[in-house]
Amino acid sequence: MSEDNYEDESEGNLPSGPRHPMAARFRGYLPVVVDVETGGFNCATDALLEIAATTVGIDESGMLYAEHTQFFRVEPFAGANIEQAALEFTGIKLDHPLRMAVSEEHALNEIFRSLRKSLKANGCKRAILVGHNSSFDLGFLNAAVARCGIKRNPFHPFSSFDTATLAGLAYGQTVLARACQAAGIPFDGKEAHSARYDTEKTAELFCGIVNRWKEMGGWDEFDD
């Protein structure tokens with residue numbers, strides 16, 4: 001099924017009349033930056049340990065900015081695989097008394113509830129995941145949604161915006177820390193691999209690339 005067919009069958013047409021600037025900018029999609037920290041690389045078997053989501057806003061001049069971040073530490077689902085190497089890489093301590101983790105279902109429902117309000121406020125029909133190597137984050141998000149049996153997922157199921165690709169185009173860098181450095185965005189390596197920190201830095205990077213493109217002239221606007 002093509003993306004256009006998916007939109008037509010699941011969402012229908014957008015309302016007639018003037019569109020919110022965000023809806024007009026991305027064809028009815030609301031960019032939402034997501035980062036996950038996990039127990040490995042396999043979204044079907046490995047635990048989701050942290051998830052953060054940052055919404056993106058647009059000002060009167062059409063420039064994007066990082067808006068609001070939600071962050072949850074997540075309890076591994078029953079039977080989840082967790083690689084020790086993954087814990088060492090992220091620095092996550094599952095037995096830390098202040099970890100205060102919640103279930104996958106609680107984390108997703110809270111994020112989705114907030115996103116539906118943002119979608120309505122921006123006149124958008126669906127969220128689109130923005131991530132650094134976005135297929136990884138989208139895969140873990142979709143797997144958690146399926147495990148929890150959540151029926152109303154605001155994210156497009158297969159389309160995403162990948163900041164590794166965008167940063168490779170804009171700055172010749174694909175590693176998040178180096179891309180941020182090239183973009184003039186402060187990046188603390190000691191804070192990296194926290195879902196909240198990486199999400200917020202990815203949001204800055206995404207907004208910066210989109211805004212830089214606009215400042216360079218953007219594109220010829222046309223009706224869908």
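These figures come from a predicted structure and were not determined experimentally. (Residues numbered from 1 in each chain as written. Predicted model: local features only at pLDDT ≥ 70, side-chain atom pairs only at ≥ 80, totals over all residues. Heavy atoms only, no water.)

A. Structural detail: the UniProt feature "active site" (unreviewed entry) in the protein. Here, the residues flagged by UniProt with the feature "active site" (unreviewed entry) are H193. Note on placement: H193 falls in the loop between α7 (176–183) and α8 (195–215). A relative accessible area of 27% means that H193 is categorised as partly exposed. When neighbours within four sequence positions are excluded, H193 is seen to be in contact with E37, E50, F89, T90 and D198. (UniProt positions renumbered as here; feature names shortened; annotations may be inferred. Helix = DSSP H or I, 4+ residues; strand = E, 2+ residues; numbered from the N terminus. Buried < 20%, exposed > 50% of the residue type's maximum accessible area, 1.4 Å probe, protein only. Contact = heavy atoms within 4.5 Å.)

B. Region of the structure containing the packing of aromatic side chains. On inspection of all chains with the given rule, the structure shows seven aromatic pairs. Summarising the aromatic geometry, the rings of F41 and F136 are spaced 6.4 Å apart at their centres and angled 70° between planes, so their arrangement reads as edge-to-face. Highlighted residues: F41 in the loop between β1 (29–38) and β2 (48–58) and F136 in helix α5 (residues 134–148), separated in sequence by 95 residues. Classification of F41 by relative accessible area gives exposed; the value is 78%. Ring pairing ties together the aromatic residues F26, F161 and F206, which thus form one cluster. (Phe/Tyr/Trp six-rings, centres within 6.5 Å; stacked < 30°, edge-to-face > 60°.)

C. The environment of T45, seen in detail. Mapped onto the secondary structure, T45 falls in the loop between β1 and β2. Along the primary structure T45 and A144 are separated by 99 residues, whereas in three dimensions their C-alpha atoms are 11 Å apart. If we ignore the near neighbours within four places in the chain, the residues touching T45 are F77, A80 and N81. Within polar-contact distance, the side chain of T45 engages the side chain of D46 at 3.1 Å. (Polar contact = N/O pair within 3.5 Å; in protein donor to acceptor, adjacent residues only side chain to side chain.)

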